[in-house]
Amino acid sequence: MSVNGEAVRVRTEAEQADEPGWEVDPDDDWALAVVATVGRQLRLRREAVGLRAGEFAVAVGYGEDLVYKIESGKRIPRPEYLDTADEVLGAGGLIAAMKEDVKKVRYPKKVRDLAQMEARAVELQLYDPLNIHGLLQTPDYARGLLLMRRPAYSAEEVERFISARVARKAIFERDPAPELSFVLEEWTLRRPLGGRTRLRQQWEHLLELGQLRNVELQVMPMDREEHAGLAGGIEVLKFDDGSMVGRSPAVANGRPVSEPRQLRILELRYGIIRAQALTPRESASFIEQLLGET
């Protein structure tokens, strides 16, 4: 139970232990329950080996106040905290194994629900008229967008949303891979939000994703005289049992819908939007041209 080299390394990182993004959302009952359970298990194991909170804090390399916050369910423990606690308490991997549950509670509930649907979908059709779609954004580009929000998000909220968007990107690594179709507006690709360096990196990321066999990226040019997407964004998720879920501001006030008639409207609009946009190959050439202009 002595402080080893690993604990010393964590202590240097612990200077950032109270940075935003690790608080528990007070309105998220499931997250509160998970963090409370993890904290209780940590306290019980600490007491079982006869360590006081202050002694344990020294051993893991974190402040005693943070130990109390985690054990009382008021703070989400970092993955490295759980790893070190597992070693100090001789838990044989049982504490470290809780990292998977803890990782999920960092994401807002509405994002978790969306990610669960995306994880089951075999086909996604996505159109966002206002921004580059969240699934396509680099973490740095996403941070730039989130920091522009007015009224401003707290630093904690920004980090939570970025973590959630990064987690959703697991959809690109699924096997079997779902079919992903995106339509992007040209003007969202041209706006240098957050700086031109961020935007250039975002273009490069889009080209990389566009090379995936299951991903189709299409750009809607600004010079089009007809556009079927003026009513707002569209999301259509299809599942392997034949069921579907759709969402659009123009249908049911943006609430998820599964009624066949409403889904047909969304599919019709999305199909026309795709037909009006550049082809995937033309779109890749367009983004390459943007890169060449900077």
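Please refer to the structure higher up on the page.
Overview of the structure. All figures in this text were calculated on a predicted structure; none of them were measured in a lab.

This paragraph deals with unusual backbone geometry. Omega for the bond connecting Arg150 with Pro151 falls within 30 degrees of zero, at 0°, which places this linkage in the cis form. Within the secondary structure, Pro151 is located in the loop between helix H8 (139-147) and helix H9 (155-168). Pro176 follows Asp175 through a cis peptide bond whose omega is 5°. Even without a glycine there, the phi angle at Asn253 is positive, about 55°. Within the secondary structure layout, Asn253 lies in the loop between strand E5 (244-247) and helix H12 (260-276). When its relative accessible area of 69% is taken as the criterion, Asn253 is described as exposed.

Pairing is mixed in the open sheet, where five strands are placed in the order E3-E2-E1-E4-E5. At either end of the open sheet lies a strand with only one pairing partner, and these are strand E3 (215-220) and E5. Across the sheet, the axes of successive neighbouring strands diverge by a mean angle of 5°, strand direction being ignored. Note that strand E4 (residues 234-239) and E5 share four bridges and pair antiparallel. Its bridge partner being in E5, Lys238 is matched across the sheet by Met244. Those strands touched by H12 are strand E1 (121-128), strand E2 (179-185), E3, E4 and E5, and its axis lies near 110° from that of E4.

Glancing now at the environment of Leu207. Mapped onto the elements, Leu207 comes out in helix H11 (residues 196-210). Sequence separation of Leu207 and Ala284 is 77 residues, and the distance between their C-alpha atoms is 6.4 Å. Apart from the residues within four sequence positions on either side, Leu207 is in contact with Ala284, Ile287, Glu288 and Leu291.

What counts and how
Residues numbered from 1 in each chain as written. Predicted model: local features only at pLDDT ≥ 70, side-chain atom pairs only at ≥ 80, totals over all residues. Heavy atoms only, no water. Helix = DSSP H or I, 4+ residues; strand = E, 2+ residues; numbered from the N terminus. Buried < 20%, exposed > 50% of the residue type's maximum accessible area, 1.4 Å probe, protein only. Pairing = 2+ DSSP bridges. Axes fitted to C-alpha atoms, helices over the stretch in contact; angles between N-to-C directions. Contact = heavy atoms within 4.5 Å.

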